[in-house]
Amino acid sequence: MEGMTQFNKVHDILDFHVNKNPDSVTISIDNADHKNTDILSKVSSLVEFLKESKIKSGDRIAFLAKNSSEFIELMYASSMLELVMVPINFRLAYEEVKFIIKDSGSKIIIFGEEFKELVEKLNSDKTDLQLSLEISELGKLLKSKSPVALDVSLLSNKATDTPLFQMYTSGTTGNPKGALISQKGIMSLIANGIDKLGPFYPNAVNLVCMPLFHIAGSAWLFFGLASGSKNILLVDINPEKILDIIENFNVATTLMVPAVIQMVVVAAEKNSKVFKNVKNIVFGASPMAVDTLKRAQEIFPNSNFTHVYGMTETTGMFMSLDPAELKANRRLESCGKCFSNSEIKIVDADNNEVPTKTIGEIICRTDQIMDGYFNREKANNEAIKDGWFYTGDAGYLDEEGYLFIRDRIKDLIITGGENVYPAEVENALMLQPSIIDCAVIGVSDPKWGEAVLALVIVDTDNFSEIEVRSSLRSQLAGFKIPKTFHIVDSLPRNAGGKITKHVLREKYAYLGK
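The model shown is predicted, which means the values in this text are computed figures rather than measured ones.

**Q** Can you help me understand the overall build of the protein in this one?
**A** Secondary structure summary: the protein contains 16 helices and 25 strands in total. Compactness check: the protein gives a C-alpha radius of gyration of 23 Å against a globular reference of 24 Å for 513 residues, within 12% of the reference. Once the C-alpha set of the protein is aligned to its principal axes, its extents read approximately 70 × 50 × 45 Å. Burial statistics for the protein: of 513 residues in total, 59% are counted as buried. Roughly 22000 Å² of accessible area belongs to the protein as shown, and the carbon and sulfur atoms make up 47% of that amount. Positive and negative charge centroids in the protein, built from 55 and 66 side chains respectively, lie 1 Å apart.

Right, here's the structure in full:
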């Protein structure tokens, strides 16, 4: 979006659009529209309430709810008061939520009504919580107060080292870590990503269907808010609902993880639907099978498909693939090149940069890197070295500098001395018409060290292991073909749509020898 105003802090976005387009709708949720002035009014009351609550700069406020306008209001208020917002994955179990509350030292928790019982239990436990407010209760409280005029511009002039978010990463081993997301990182993301991922422009309709507690959802929201788009928030991920909104509200842009795209494609195919209004669908967070991508291109024939790469620790995406590559059937599995504020290298275990087309660990340097993990000095020293963030992802660069991700380094399977990257096997499996979804892991094997195990969700009327094996022989080296196929009903995923391989390795270890 050329010529877009450069913001210093997140709440500058609200100030700008209130002054430029006060009556424009910025948020729509469950058919309720919220204008810029509506949001400012609520934020003003919330700021006054938080001041009265004796909360101070740097204090943590937890937010446990599904997508709602209150997330945005608390985000703006936190930016103004230099508070740190702690969004919590609402799918977590009680002990996991309690860990985050205690680890973050949150003083206040704002929550949705469906989590009342959980929060009551928290209040009877030992934490730093001083105040718990259900969203509807908070709304009534703020309405009872006299309106307060708030000059947002007066809050924008001083720099801050206080992060805006403390977002907890999905722990694959041990407890999750709170990644400190800075104002600087968010502003850099917006400035460098907005032109690559739109079209974003005033009043364009942007669908935010990923949960806001996850960086995929909140990063996508940042673009929509900054550009003055009308942002439709989806409360729950439902493929039929997504298609209904796309059809009836002239959606121009959206971001979905591949698992959601797959659900949307199946729902559209079932109803023989084609949607010509969408201009760009951004996807990332996990690999997408080429077959799913091609089917999605038929459902959304006028849409670009933009593959992005990033993570919580990099404030979301910091690189993307030019949609022209996908349209030309080139580099279908690449996530492209870096934004202008970022750079990457591929290194080996000794930290040496590796040659082109050689798989190693992806490391990046960007203004978007988090300020660190909260109270995790050892993890910080391991993750950030000399300004480079070590992603833990394995990948390679081609001759023209395009990045191809192969897998998480810890998910690598070594069988008989050969490296097998599960994503490569999964892509081949997803080309099989009888396989609906799959995950590939390594299990113990007395002869080969590890053996390749495929966990598959199948169309039982059409699945034949013999036929699948026969087909795979033309696509994969023999050592990459799964030694065992195990049919399952479902696969565990985290909030970003990634299959939780560590859960599968624990659950199906018994299938090893």
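Picking up after the structure, the text goes on.
**Q** Would you explain unusual backbone geometry in this entry?
**A** Trans peptide bonds make up most of the peptide bonds, and negative phi angles are found at most residues other than glycine. The omega angle of the peptide bond from G198 to P199 is 25 degrees, so this bond is cis rather than trans. Mapping P199 onto the fold places it in the loop between α7 (183-197) and β9 (205-208). Within the chain, D30 stands out as a residue other than glycine whose phi angle is a positive 50 degrees. Residue placement: D30 occurs in the loop between β1 (25-29) and β2 (32-35). Residue classification places D30 among the exposed residues on the basis of a relative accessible area of 58%. Even without glycine at this site, K54 takes up a positive phi of about 60 degrees. Mapped onto the elements of the fold, K54 is located in the loop between α2 (36-52) and β3 (60-64).

**Q** Can you walk me through the sheet that holds strand β24 (residues 449-458) in this structure?
**A** Neighbouring strands of a sheet are bound in pairs by backbone hydrogen bonds; such pairs are parallel or else antiparallel. Strand order in the open sheet made by the 3 strands is β23-β24-β25, with mixed pairing throughout. The open sheet has two free edges, formed respectively by β23 (435-445) and β25 (484-487), since each of these has just one partner strand. Direction aside, the axes of adjacent strands within the sheet are offset by 30 degrees on average. Looking at chain direction, β23 and β24 are connected through 10 bridges and run antiparallel. Residue pairing for β24: I435 is matched across the bridge by V458. On the sheet, helix α14 (residues 422-429) packs against β23, β24 and β25 and is oriented at approximately 145 degrees with respect to β23. On top of the sheet, helix α15 (residues 465-472) reaches β23 and β25; it is set at about 130 degrees to β25, its chief contact.

**Q** Just checking my understanding: could you explain the pattern of salt bridges for this structure?
**A** Any two side chains of opposite charge can pair, on the condition that their charged atoms come close. The full count for this structure, using the stated rule, is 26 salt bridges. Across the salt bridge formed by K480 and E424, the nearest N and O atoms sit 3.1 Å from each other. Of the two residues, K480 is situated in the loop between α15 and β25 and E424 in helix α14; the sequence distance between them amounts to 56 residues. The exposure class of K480 is buried, given its relative accessible area of 15%. When its relative accessible area of 27% is taken as the criterion, E424 is described as partly exposed.

**Q** Just checking my understanding: could you explain the environment of V452 for this structure?
**A** With respect to the element layout, V452 can be found in strand β24. A sequence separation of 443 residues divides V452 from K9, and the C-alpha atoms of the two residues are 48 Å apart. Ignoring any residue separated from it by four or fewer positions in sequence, one finds V452 in contact with I413, T415, V420, V440, I441, F479, K480, I481, P482, K483 and T484.

**Q** Mind showing me how you'd approach α2 here?
**A** Side chains that are three or four residues apart share a direction in an α-helix, a result of its 3.6 residues per turn. Here α2 contains 17 residues, and its C-alpha end-to-end distance of 25 Å stays within 8% of the 24 Å for a straight helix at 1.5 Å per residue. Of the positions making up α2, those classed as buried are N36, I39, L40, V43, S44, S45, L46, V47, F49 and L50.

**Q** What is the right way to read the packing of aromatic side chains from this model?
**A** Note on aromatic pairs: each is described by the distance of the centres and the angle between the planes. A complete count under the given rule lists 14 aromatic pairs for this structure. An angle of 35 degrees between the planes, with centres 6.3 Å apart, marks the rings of Y508 and Y510 as tilted. With relative accessibility at 7%, the residue Y508 sits in the buried group. By relative accessible area, Y510 is classed as exposed at 56%. Here the aromatic residues F63, F71, F165 and F222 are joined through ring pairs into a cluster of three or more. Positioned above the aromatic ring of F374 is the side chain of R60, whose terminal nitrogen or guanidinium carbon lies 4.7 Å from the ring centre. Just above the ring of Y94 sits the side chain of K121; from NZ or CZ to the centre is 4.3 Å.

**Q** What exactly am I supposed to notice about the pairing of β3 here?
**A** For β3, the tally of buried residues reaches 5 of 5 residues, placing the bulk of the element in the interior. Neither face of β3 is left uncovered, since the one carrying R60, A62 and L64 and the one carrying I61 and F63 both have all their residues buried. Across 4 bridges, β3 lies against strand β4 (residues 84-87) in parallel orientation. Counterpart to A62 in the pairing with β4 is V86. A crossover links β3 with its parallel partner β4, the connecting element being helix α3 (residues 69-81), and its sense is right-handed. Both β3 and strand β5 (residues 108-111) contribute to a ladder of 4 bridges, which runs parallel. Bridging across to β5, I61 finds its partner in I108.

Conventions we followed
Residues numbered from 1 in each chain as written. Predicted model: local features only at pLDDT ≥ 70, side-chain atom pairs only at ≥ 80, totals over all residues. Heavy atoms only, no water. Helix = DSSP H or I, 4+ residues; strand = E, 2+ residues; numbered from the N terminus. Rg over C-alpha atoms; globule rule 2.2 N^0.38 Å. Buried < 20%, exposed > 50% of the residue type's maximum accessible area, 1.4 Å probe, protein only. Areas by Shrake-Rupley, 256 points an atom, 1.4 Å probe, with all protein chains shown as cover. Lys, Arg positive; Asp, Glu negative; His and termini not counted. Charge placed at Lys NZ, Arg CZ, Asp CG, Glu CD. Pairing = 2+ DSSP bridges. Axes fitted to C-alpha atoms, helices over the stretch in contact; angles between N-to-C directions. Contact = heavy atoms within 4.5 Å. Salt bridge = Lys/Arg side-chain N within 4 Å of Asp/Glu carboxyl O. Expected span 1.5 Å × (residues − 1). Phe/Tyr/Trp six-rings, centres within 6.5 Å; stacked < 30°, edge-to-face > 60°. Lys NZ or Arg CZ within 6 Å of the ring centre and 35° of its normal. Right-handed = clockwise from strand over helix to strand, strands pointing away.

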